[in-house]
Amino acid sequence: MTATNQYIKDWAERYRKDLIEDIMPFWLTNGLDKVNGGVYTCLNRDGSLIDTTKSVWFQGRFAFVCAFAYNTIERKPEWLKASKLTIDFIEKHCFDTDGRMFFEVTNTGQPIRKRRYIFSETFAAIAMSEYAIASGDTSYAKKALALFKNMLRLINTPGLLAPKYEKTVDMQGHSLVMILINTASRIREAIKDPSLDAQINESIDSICKDFIHPEFKALLETVGPNGEFIDSTLGRTINPGHCIETAWFILEEAKYRNWDAEMVKTATTILDWSWEWGWDKDKGGISNFKDCKNLPPQDYSHDMKFWWPQTETIIATLYAYQATKNPKYLEMHKQISDYTYSHFPDKEYGEWFGYLHYDGTVSQSAKGNLFKGPFHIPRMMIKSYQICHEIITSNITSPQLY
């Protein structure tokens, strides 16, 4: 076995082991609500409950991860059961009478807060589609598709979603455009429909036409309605982690299309640029925010190292290597992995810290809140295991991993 294959095999084994022995048990033991259904995410370092408020985002995210792990890693009955328990909670408690979803609910499912965004819907949809694959119950794939089509209706019908800003400055954001790529591609694994491929095409076209700005070698978070550069702190913002996540979403679509060369080029360009902006050459890790004119970023956490940009970079570098076989991406994978695995995993209580100062010291030790929970870390482990396995098994001179 070559050194490269051994490196990839070793990481595949670690991703699988950490997922099965650390991440999933932590959340199934401490987060899963066996009384009311759903999952708690506001957990202290040791897994004890800080707040019983339930993030609706994470109901969908956790249900997805459990089914995704079941479909990809091992068919553990407790994972499938947890996915169903959480989807049942979603369907019973997380939808308002207008068909929109809440953002926060109580432990028993009483509504607390509703936001203008449709991200709760995107995560519920991928949960239902992944559960459909895991369980064989196609009714959940149909529910996922119906939810997706309702999202498109909300997005594309003027007046149904309140604008984030007044019309003083007309703008569009990267977040919604990029999340719809992944949402549509995950649903497509369970059920085919022309609207899914159409949205993926539309989102990727928008990223290329509007959000990629070669003059800054950057993908910007906020632009004008036709991609115009907005010279403000908001308009100059680069979110390297988000950009890198978008890169692997596009690489995944390129792979679906038999490694479409133009998509691979687009995705690796985004990855290369975003790595250059985000990688801290002094302390290591991917930083949160940059200004495309190198002016001071507005966000107070601009130089912090959050857990999720690191996990997205691990996936993206592996995908880029799989797509191109360029060894620089394995070197980038080694750099991000060395940093991530030496700073984030909690060796005493399990799972990972989420928030580090710029120098890599822990900012706060909670394992979850309304925004951190069982999604980015387990998804990284599942997806990275899958990519590593494919890289090894695609080489007929290399043995199977398992």
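To be clear, the structure that these remarks concern was listed above.
Report on the accompanying structure.

Reading the values: the criteria
Residues numbered from 1 in each chain as written. Predicted model: local features only at pLDDT ≥ 70, side-chain atom pairs only at ≥ 80, totals over all residues. Heavy atoms only, no water. Phe/Tyr/Trp six-rings, centres within 6.5 Å; stacked < 30°, edge-to-face > 60°. Helix = DSSP H or I, 4+ residues; strand = E, 2+ residues; numbered from the N terminus. Buried < 20%, exposed > 50% of the residue type's maximum accessible area, 1.4 Å probe, protein only. Lys NZ or Arg CZ within 6 Å of the ring centre and 35° of its normal. Core = buried A, V, L, I, M, F, W, Y, C linked by side-chain atoms within 4.5 Å. Contact = heavy atoms within 4.5 Å. Pairing = 2+ DSSP bridges. Expected span 1.5 Å × (residues − 1). Axes fitted to C-alpha atoms, helices over the stretch in contact; angles between N-to-C directions. Left-handed = near helix turned anticlockwise from the far one by under 90°. Nonpolar A, V, L, I, M, F, W, Y, C, P; charged D, E, K, R; others polar. Polar contact = N/O pair within 3.5 Å; in protein donor to acceptor, adjacent residues only side chain to side chain. Salt bridge = Lys/Arg side-chain N within 4 Å of Asp/Glu carboxyl O.

1. Description of the packing of aromatic side chains
Inference 1: Taken as a whole and judged by the stated rule, the model has 24 aromatic pairs.
Inference 2: Where Trp279 meets Tyr339, the ring centres are 6.5 Å apart and the plane angle is 80°; that geometry is what we call edge-to-face. A residue pair is termed long-range when its members are at least 10 positions apart, and Trp279 in the loop between helix 9 (261-278) and strand 9 (290-291) and Tyr339 in helix 11 (residues 327-343) qualify at 60 residues.
Inference 3: By relative accessible area, which is 5% here, Tyr339 ends up buried.
Inference 4: One Lys or Arg, Lys76, reaches over the ring of Trp79 and ends 5.8 Å from the middle of that ring.
Inference 5: In this structure, Arg115 is placed above the aromatic ring of Phe103, and the distance from its NZ or CZ to the ring centre is 4.5 Å.

2. Quick look at the nonpolar core
Inference 1: By size, the foremost hydrophobic cluster in this structure holds 130 residues, and its most contacted members are Tyr15, Trp79 and Met381.
Inference 2: Broken down by element, the residue count for this core peaks at 12 residues, all from helix 2 (residues 56-72).
Inference 3: Those residues in contact with Trp79, other than ones at most four positions away along the chain, are Leu19, Ile20, Met24, Leu28, Cys66, Ala69, Tyr70, Ile73 and Glu74.

3. Observations concerning the sheet that holds strand 10 (residues 305-306)
Inference 1: Pairing is antiparallel across the open sheet formed by 3 strands, whose spatial order is 10-11-12. Strands with a single pairing partner mark the edges of an open sheet, and in this sheet they are strand 10 and strand 12 (362-364).
Inference 2: As defined by bridge partners, strand 11 (residues 355-356) adjoins strand 12 across 2 bridges and the pair is classed as antiparallel. Bridge assignment links Tyr355 to a residue of strand 12, and that residue is Gln364.

4. Focus on the environment of Lys9
Inference 1: For Lys9, the location among the structural elements is in helix 1 (residues 3-30).
Inference 2: What makes Lys9 buried here is its relative accessible area of 17%.
Inference 3: Along the sequence, Lys9 and Asn150 sit 141 residues apart, while their C-alpha atoms lie 42 Å from each other.

5. Here's the deal with the sheet that holds strand 3 (residues 111-113)
Inference 1: Here 3 strands make up an open sheet; going across it, the order is 1-2-3 and the pairing antiparallel. With partners counted over all chains shown, the strands left at the sheet margins are strand 1 (54-55) and strand 3, one partner each.
Inference 2: Relative to strand 3, strand 2 (residues 104-105) runs antiparallel, the two sharing 2 bridges. Within strand 3, the position partnered with Val105 by the bridge is Pro111.

6. Re helix 12 (residues 376-393)
Inference 1: For helix 12, which comprises 18 residues, the first-to-last C-alpha distance of 25 Å matches the rise-based estimate of 26 Å (1.5 Å per residue) to within 8%.
Inference 2: Within helix 12, 14 of the 18 residues are buried, which leaves the element mostly enclosed by the surrounding structure.

7. Some words on the packing of helix 1 against helix 11
To describe two helices that pack against each other, one gives the angle between their axes and the distance between the axes.
Inference 1: Running from amino to carboxyl end, helix 1 crosses helix 11 at an angle of 35°, the nearest separation of the two axes being 13 Å. Relative to helix 11, the crossing made by helix 1 is left-handed. On helix 11, the residues touching Thr4, Tyr7, Ile8, Trp11, Arg14, Tyr15 and Asp18 of helix 1 are Leu330, His333, Lys334, Ser337 and Tyr341.
Inference 2: Here the residues of the contact of helix 1 with helix 11 sort into 6 nonpolar, 3 polar and 3 charged.

8. Some points on the side chain of Lys367
Inference 1: Mapping Lys367 onto the fold places it in the loop between strand 12 and helix 12.
Inference 2: Classification of Lys367 by relative accessible area gives buried; the value is 0%.
Inference 3: Within the structure, Lys367 has its side chain in polar contact with the backbone oxygen of Arg45 (distance 2.8 Å).
Inference 4: With residues up to four places along the chain from it excluded, the contact list for Lys367 reads Phe26, Trp27, Leu43, Asn44, Arg45, Asp346, Tyr349, Gly350, Glu351, Trp352, Phe353 and Lys372.

9. Describing the environment of Ser365
Inference 1: Residue position: Ser365 is located in the loop between strand 12 and helix 12.
Inference 2: With 319 residues separating them along the chain, Ser365 and Asp46 place their C-alpha atoms 9.2 Å apart.
Inference 3: If near-sequence neighbours (up to four positions away) are discounted, Ser365 is found in contact with Asn44, Arg45 and Phe353.

10. Notes on the pattern of salt bridges
Inference 1: Considering all chains together, one arrives at 33 salt bridges under this definition.
Inference 2: We note a salt bridge from Glu351 to Lys372, for which the minimum N-O separation is 3.0 Å. Highlighted residues: Glu351 in the loop between helix 11 and strand 11 and Lys372 in the loop between strand 12 and helix 12, separated in sequence by 21 residues.
Inference 3: Residue Lys372 is classed as buried on the basis of its relative accessible area of 0%.

Honestly, it's all geometry; don't read function into it.
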